[in-house]
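Coordinate inspection notes
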Protein chains: 2
Amino acid sequence: MTDLQIDNVRPMGGTVGTLHIKDGYVVDTPVPGAAALDGGGALALPAFIDAHMHLDKTLWGLPWRPHSAGKSLSEKIANERNARVELGADTEVQASRLIAQAIKNGTAAIRSHVDVDPDLGLGNVEHLLNVKAAHNDSIDIQLVAFPQTGLVSRPGTADLMEAAIKMGVELIGGIDPEVIDGDADAHIRTIFDIAERTGAGIDIHHHEEDDAGADTLDLILDAVHAYSMQGRVTLSHAFCIGMVSEQRRSTLLDRIAELDVAVITTAPGYKPFPPLNDMQRRGIRAASGSDGVRDVWTPFGNADMLERAMLLAYRSNFRRDDELAFVMEFCSLGGASVMGLDAHGPLLGQRADIVLVDAENIAEAVINRPTSRTLIKNGRVIS
Amino acid sequence: MTDLQIDNVRPMGGTVGTLHIKDGYVVDTPVPGAAALDGGGALALPAFIDAHMHLDKTLWGLPWRPHSAGKSLSEKIANERNARVELGADTEVQASRLIAQAIKNGTAAIRSHVDVDPDLGLGNVEHLLNVKAAHNDSIDIQLVAFPQTGLVSRPGTADLMEAAIKMGVELIGGIDPEVIDGDADAHIRTIFDIAERTGAGIDIHHHEEDDAGADTLDLILDAVHAYSMQGRVTLSHAFCIGMVSEQRRSTLLDRIAELDVAVITTAPGYKPFPPLNDMQRRGIRAASGSDGVRDVWTPFGNADMLERAMLLAYRSNFRRDDELAFVMEFCSLGGASVMGLDAHGPLLGQRADIVLVDAENIAEAVINRPTSRTLIKNGRVIS
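In this text, all values refer to a predicted model and were calculated from it rather than measured experimentally. (Residues numbered from 1 in each chain as written. Chains lettered and ligands numbered in written order. Predicted model: local features only at pLDDT ≥ 70, side-chain atom pairs only at ≥ 80, totals over all residues.)

With that settled, the discussion passes to the sheet that holds strand β11 (residues 233-237) of chain B. Two modes of strand pairing occur in sheets, parallel and antiparallel, and in both the strands are linked by backbone hydrogen bonds. Residue and element names in this part refer to chain B. With respect to topology, eight strands assemble into an open sheet ordered β6-β7-β8-β9-β10-β11-β12-β13, the strand pairing being parallel. Where the open sheet ends on each side, the last strands, each with one partner, are β6 (48-53) and β13 (286-287). Across seven bridges, strand β7 (residues 107-115) lies against strand β8 (residues 140-146) in parallel orientation. In the strand pairing of β8, Arg111 is matched with Gln142. (Pairing = 2+ DSSP bridges. Helix = DSSP H or I, 4+ residues; strand = E, 2+ residues; numbered from the N terminus.)

Right, let's get into the relation of the copies chain B and chain A. Taken as rigid bodies, chain B and chain A are interconverted by a rotation of 180° and an axial shift of 0.0 Å, the fit giving an RMSD of 0.0 Å. What the superposition gives is, in effect, a two-fold axis relating one chain to the other. Identified as the residue of chain B closest to the rotation axis by C-alpha distance is Gly269 of chain B, at 3.8 Å. (Least-squares fit on C-alpha atoms with pLDDT ≥ 70 in both.)

Right, let's talk about the sheet that holds strand β6 (residues 48-53) of chain A for a bit. Residues and elements named next belong to chain A. Read from one edge to the other, the open sheet built from eight strands follows the order β6-β7-β8-β9-β10-β11-β12-β13, with strand pairing classed as parallel. Two strands in the sheet have a free side with no partner beyond their single neighbour: β6 and β13 (286-287). Pairing analysis gives four bridges linking β6 to strand β7 (residues 107-115), with the strands arranged parallel. When the bridges of β7 are listed, Ile49 appears paired with Ala109.

Residue and element names in this part refer to chain B. Even without a glycine there, the phi angle at Asp210 is positive, about 55°. You can see Asp210 is positioned in helix α6 (residues 210-226). Classification of Asp210 as exposed rests on a count of 12 C-beta atoms within 10 Å. You will see that Ala303, though not glycine, has its phi angle at about 55°, which is positive. Inspection of the secondary structure puts Ala303 in the loop between β13 and α9 (305-316). (Buried ≥ 20, exposed ≤ 12 C-beta atoms within 10 Å, placed from the backbone.)

With that settled, consider the interface of chain B and chain A. Counting from both sides, the interface comprises 21 residues of chain B and, opposite them, 21 residues of chain A. Of all the secondary-structure elements, those providing two or more residues to the side of chain B that touches chain A are α9 and α12 (362-368) of chain B. Taken together, the residues that form the side of chain B that touches chain A break down as nine nonpolar, six polar and six charged. (Contact = placed C-beta atoms within 7 Å. Nonpolar A, V, L, I, M, F, W, Y, C, P; charged D, E, K, R; others polar.)

Note that Gln280 of chain B resides in helix α8 (residues 276-281). Spatially, the C-alpha atom of Gln280 of chain B lies 30 Å from that of Asp185 of chain B, the residues being 95 residues apart in sequence.

Right, let's talk about the domain arrangement of chain A for a bit. Residues and elements named next belong to chain A. Along its sequence, chain A is carved into domain 1 (4-45 + 345-381) and domain 2 (48-339). For domain 1 and domain 2, the distance between their C-alpha centroids amounts to 29 Å. Contacts between domain 1 and domain 2 engage twelve residues on the former and 18 residues on the latter. Looking at the side of domain 1 that touches domain 2, the element that brings in the most residues is helix α12 (residues 362-368), giving five residues. The residue makeup of the side of domain 1 that touches domain 2, split by class, is eight nonpolar, no polar and four charged. (Domains from an automatic or database assignment.)

Residue and element names in this part refer to chain A. In terms of residue burial, strand β15 (residues 373-377) counts as a mostly covered element, since five of its five residues are buried. Residue alternation in β15 divides its side chains into two sets, Arg373, Leu375 and Lys377 and Thr374 and Ile376, and both sets are buried. In this structure, strand β14 (residues 354-357) lies alongside β15, joined through four bridges in antiparallel fashion. Residue pairing across strands places Leu356 opposite Thr374, the latter belonging to β15. Pairing of β15 with strand β16 (residues 380-381) involves two bridges; the strand directions are antiparallel. The residue bridging Lys377 from the neighbouring strand is Arg380, located in β16. Between β15 and β16, which follow one another and run antiparallel, lie two residues, and Asn378 among them has a positive phi close to 50°.

Residues and elements named next belong to chain B. Interhelical geometry of α9 versus helix α10 (residues 321-330) gives an angle of 130° and a closest axis separation of 9 Å. Taken as axis vectors, α9 and α10 run oblique relative to one another. Read as a crossing pair, α9 and α10 show a hand that is right-handed. Along the contact surface, α9 presents Ala309, Leu312 and Ala313, while α10 presents Glu323, Leu324, Val327, Met328 and Phe330. (Axes fitted to C-alpha atoms, helices over the stretch in contact; angles between N-to-C directions. Parallel < 35°, antiparallel > 145°, perpendicular 65-115°, else oblique. Left-handed = near helix turned anticlockwise from the far one by under 90°.)

Right under this line is the structure:
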């Protein structure tokens, strides 16, 4: 951590002033000997947080690879198992390329899932732990041991996930307990048992749809209560919340709020998703992420959380300045609340993870997504 | 029109070669005395076409204006009538700014609606006809006389629309015959009568939803048949096609195909829209557009049809290369077919409206949306 003085910036779009940073936190008086940076009149905002990535899957920076998977989740999983062998990409090189892209876009923290299964063993875990250590000074990375190809239906996976936690992975993952794994109760029990034994948090991919998906979601919420995991579980995607009746949606969101479960949505283009306003109204911790970026799952993605904020607004019919500021916060402080990081930004007392963006105000930044950005991490200029 | 030789380009993503252009068309042999351009290895693609804009509404290039309208269409219309007075923007300056942005993004043709009502009279029509004349060499502009605030519910509007056609506007517009105007039969009859008297084409904004919207759509299609307007009518938006049962959707699309009615969709973020695949399968002429760009209706928009292609794919769950090539075509040759322009592009015999894009192939161009582009219009380098 470093002392830094940023002149000529507009914290949160306010009037032009000077930001003082001491030992990585924003203070209100000049710090003798601080390094100096001219902000050029830019906005100073909380740095972006990408709360859902798959760093071990990306083909970022490699030649174009035509998408080869079918439309269903099971086809995509099968396609990946084949493509892995065909591609033979270097996981550490690839993950580092995508991290560099995220940093360039102003991202200061990433939660990434990492595949664990009997074919891969703990190989990807080792790779991402290495990558995390190598980037320790420039970006916070949190890992989730992710049973992409199934958990109880893939014997040995649970032991590998528990081993991953002992190696330093922070969270236990899960995926579609009923639809992918075929046994919701066993899937959920396995995850929560590992969490109980290891003290790890939980982040479950939940793509199951409609009322059946909501039934599984209720089982997950039952487990949060039974295992006293309030405040330590994240639901990723949770399309079903956007698919069920308004009454059931309301009941689900009330339970999620009461159990302090966090929700991550990418604002997918072709599926319903949990409504941002309804989550905000209940004080649910919620965030967004890039999900897969240029991998065998999707050609989409660019690790740009400012574009993600635009997409969240575009999909939510948000047009007012307060709504555009809300999606920006969703992609920064929302991620901090989900990942358990302390509040960051350009305001007094905040940890100085800050992005400088050349825009008139926050709303315009979301709409224009200017590409010239400066990332400051713990008071150090990173890009 | 000019002769031009573009070296070092890859037409439609093929191998590197030289493009020869004579009198504005692509030919297969060198043209003596042709101007020369180094393509730098870029893709050469058909220039983009923005088939739905509102050039007379944009606030592009002005300081940020917070969105002030309510969520409903009637609230947005009322908001605009108030904002017009408040803003007092120069319509010709504003339209020219947005056209410059579109050209920078590689757009060679625009269909723009222009508001006509008893308050405005023909003022906006005069402004956009002036702007069109001033840009005659660099971009094709087609205008639609648009009764934004109502047609039969706003006496005098029909006469103004007919006068607009006599001044040089190409098409008669309409808007939500039942919901906005309160009398679908009278609205539709008025439009088609003007078209019959003047020989103008028709482009109707149709935002009406669900089965009620489809009922109105059927009335429009009845009129296409009754007035023998096959091949000369466009439906803009037509959300209802994406909202009704699969069976009714199929029937509507079959009628649309049979009557050779064109469809324009922007791939809105928060509404269903006509499915692109189903239209393609039936050979329906279909295109996309920016719609409002940074105006009192929406803060969104940047007149970038390559970003629009990405959004079309994002909203349609398109991931394969052929699907990404399809949305690119939707935003170029699709627009030509809707606007009645002859086929353009970098292939032999095509009119040389071409955009050079720095990408590996068409799919990557849609996903990456590289911003450095060169527009060639009728064989002349425009930007």
